[in-house]
Amino acid sequence: MISYKKNDLGCTYTFDRTIFKVWSPNASGIRVQLYKTGSDSEPNAQKLESYALTYDKNTGVWSVTVYGDLKNLYYTYLVTVNGVTRETQDVYSKAVGVNGQRSMVCDLQETNPKGWNADKHVFVEHSTDAVIWEVHVGDFSGSPSSGVSPENRGKYLAFTERKTTINNQGDIPTCVDYLVNLGITHVHLNPVYDFDSVDEAHPESGEYNWGYDPANYNVPEGSYSSNPFDGNVRIREFKSMVKALHDAGIGVIMDVVYNHTSSTDSCFNRTVPDYYYRKYDGRYLNSSGCGNVFASEKDMARNYILNSVLYWAEEYHIDGFRFDLMGCIDTTTMNLIRLALDEIDPRFLIYGEPWTANLGENGISFEDATVKENAFKLSSRVAMFNDSFRNALKGNTDDASIGYIQGNNHNIYYVISGILACSSDTFLKWAKKPTQCVTYNSAHDNLTLWDKILKSQNITDYDTHDENIIAMNKLSAALVYTSQGIPFILAGEEMARTKHGDHNSYKSPLSINAIDWERVRSYKNLVEYYKGLIEIRKHYTPLREPTTVTVSNTYFETDGHCIAYTIPNITHGEWDMMAILFNNSHNVAKITLKSHTTLPHSWVIITTGDKSGLEELRRIDGNDINIPPMSTLILIDDKSFDRLKDSK
Ligand code: CA
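Not measured: the values here are computed from a predicted model.

**Q** Can you break down the layout of surface pockets residue by residue, with the values?
**A** Empty space within the largest pocket amounts to approximately 580 Å³. For the lining of the largest pocket, the residue count by class is 11 nonpolar, 12 polar and 8 charged.

**Q** Please set out the pairing of strand β7 (residues 74–81) residue by residue, giving values where relevant.
**A** Counting buried positions along β7 gives 7 out of 8 residues, so the element sits mostly inside the fold. Sheet topology places strand β3 (residues 29–35) next to β7; 7 bridges connect them, and they run antiparallel. Bridge pairing in β7 places L34 opposite Y75. Relative to strand β9 (residues 103–104), β7 runs antiparallel, the two sharing 2 bridges. The residue of β9 that forms the bridge with Y75 is S103. Here 5 bridges tie β7 to strand β8 (residues 84–88), and the two strands are oriented antiparallel to one another. Bridge pairing in β8 places V81 opposite V84. Taking the residues that link successive antiparallel strands as the turn, the β7-β8 hairpin has 2 residues, and the phi of N82 there is positive, at about 50 degrees.

**Q** For the sheet that holds strand β24 (residues 577–583), give the residues involved together with the corresponding values.
**A** With antiparallel pairing, 6 strands are arranged side by side in an open sheet as β22-β23-β24-β29-β26-β27. A single partner strand is all that each edge strand has here, and the edge strands are β22 (555–558) and β27 (618–621). Put simply, the sheet's adjacent strands are angled 25 degrees from each other on average, direction ignored. Strand direction decides the pairing type here: strand β23 (residues 563–568) and β24, joined by 6 bridges, are antiparallel. Its bridge partner being in β24, I563 is matched across the sheet by F582. Across the sheet, helix α8 (residues 412–419) is in contact with β22, β23 and β24; its angle to β23 comes to roughly 15 degrees.

Calculation criteria
- Residues numbered from 1 in each chain as written.
- Predicted model: local features only at pLDDT ≥ 70, side-chain atom pairs only at ≥ 80, totals over all residues.
- Heavy atoms only, no water.
- 1 Å grid on protein atoms, 1.4 Å probe; cavity = no way out; pocket = protein on both sides within 12 Å on 5 of 7 lines; lining within 4 Å.
- Points joined across faces, edges and corners; volume = space filled by probe spheres on them.
- Nonpolar A, V, L, I, M, F, W, Y, C, P; charged D, E, K, R; others polar.
- Buried < 20%, exposed > 50% of the residue type's maximum accessible area, 1.4 Å probe, protein only.
- Helix = DSSP H or I, 4+ residues; strand = E, 2+ residues; numbered from the N terminus.
- Pairing = 2+ DSSP bridges.
- Axes fitted to C-alpha atoms, helices over the stretch in contact; angles between N-to-C directions.
- Contact = heavy atoms within 4.5 Å.

This is the structure we're talking about:
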């Protein structure tokens, strides 16, 4: 089928005319139908004129120019293929009415919040400098404990509220102020494009969904806006959210789900039947596990994804993208996305899930799928979640099995491999460089880290302060933040977030999903521990090394259950040597530190099982180190520690 390369599909608005363009080589006729509102159930609903589009056989594109000011009118296309006419919203919609059924002619300039033109991307120099916190818009502020005003709870605008405190009591910060204090660099938002599952017209029903069921890829979801009926509002409020996070110094990453659409009865199939999906023997393939898989390898599907990513980056100032089931997408497309973003700025983050729900149903060859085995074909700045590290740390995601932090040493080499971001030839390598590896131990899928640890210990009190459980959680945190790669956590992991054992809460109510900000108070010591680790990571460049320099300089020592390593540093103005030691047993362990360079005679401890940060906790002499039970030690060579302290 003939392809079209230009990026002017959809409607292009100007004051005196609007141009409509659709790619659909198989159609025998297309009309654009104008409406007063986004649905028939609204006051003033009215069907207006319709206009025939003209076909250009050289491009496969249908188009019409309609004169007059069409701003804020809604429209659909009536597409006739093989004698069947179907009505659809625009595949290229940039604005839609309620529930995304009709597109809207939008003057995007008018959706910009105050100060938007001065808003800038928030980037880190290397992806390994990022500290990512994954959150769902509803979860962020859906609980009254967030202290966010009732009208903004669960909405984009919650991110614009500052000085919020737990239950509005005025003492402990929540939401954006809390994040600034915690020290994360990026918020990763679960789907915020327009998805199908939540009825935007009836918010009172309290429907909840993660949103992995895309309807309109280039439009914000309406249920997070204050008014889903007016197509301008969700756009303006989404931009306000981005700006507020940027103003707080925090970058914004979007979870994008280009691997499938909500159903095959989509705008794509209504516009160009059967083109955008992978089929075999007349049957839709299903590597997504969601009923269909988007054919990223086809010209116009690939163009669509590319242009969509660029649109979010440029129109909405999005700073990074997380690709859902990236294994469904071909490596060529992922590399092209990297190149296209690089033309704007090489610092956009790109990472994704290097797997599918069912590889046998993928419809492209294994060699072309964006899975770990093909990492070598990808840019070293297309990163992948390291699930083997995750599982080695805590055991399988949803059952009672145990991992390293609970005392299981069987997969210790996966732990060491993960500390090195799977970039070391010596330990189970698949990544080219640490920039290709997302180092994590919790995400929105599966049990929260807290719930998983509890399950593995057969504890059902989700509000427990059991010391052993907290020690396991801290071991995990220390392993994630001192490892190579891009550290990532589920929002609230640092406050012992619980979903009360719900391992797949994608449509569970807010009472399960919303962050309970009271836990910042009740698990203060754990939150402070995470904060201290993030500070340490920011203060020791080798931990964030984008190349394999640290990987090669790190000297490992293990006795089968303890892991200890030393990392030298030549960065001017920083400590010279760090030693990191983990003991996952219930006894004191002794281990002798080694290094490729000279070791110091004594060390300053900055992290123990209780506390972490940049301050001296105590000192020890020599390199035979006793590690207390169930704990981490982070040590700094005393000479550089004192030197830097004196120079302050
Ligand atoms: Ca929606």
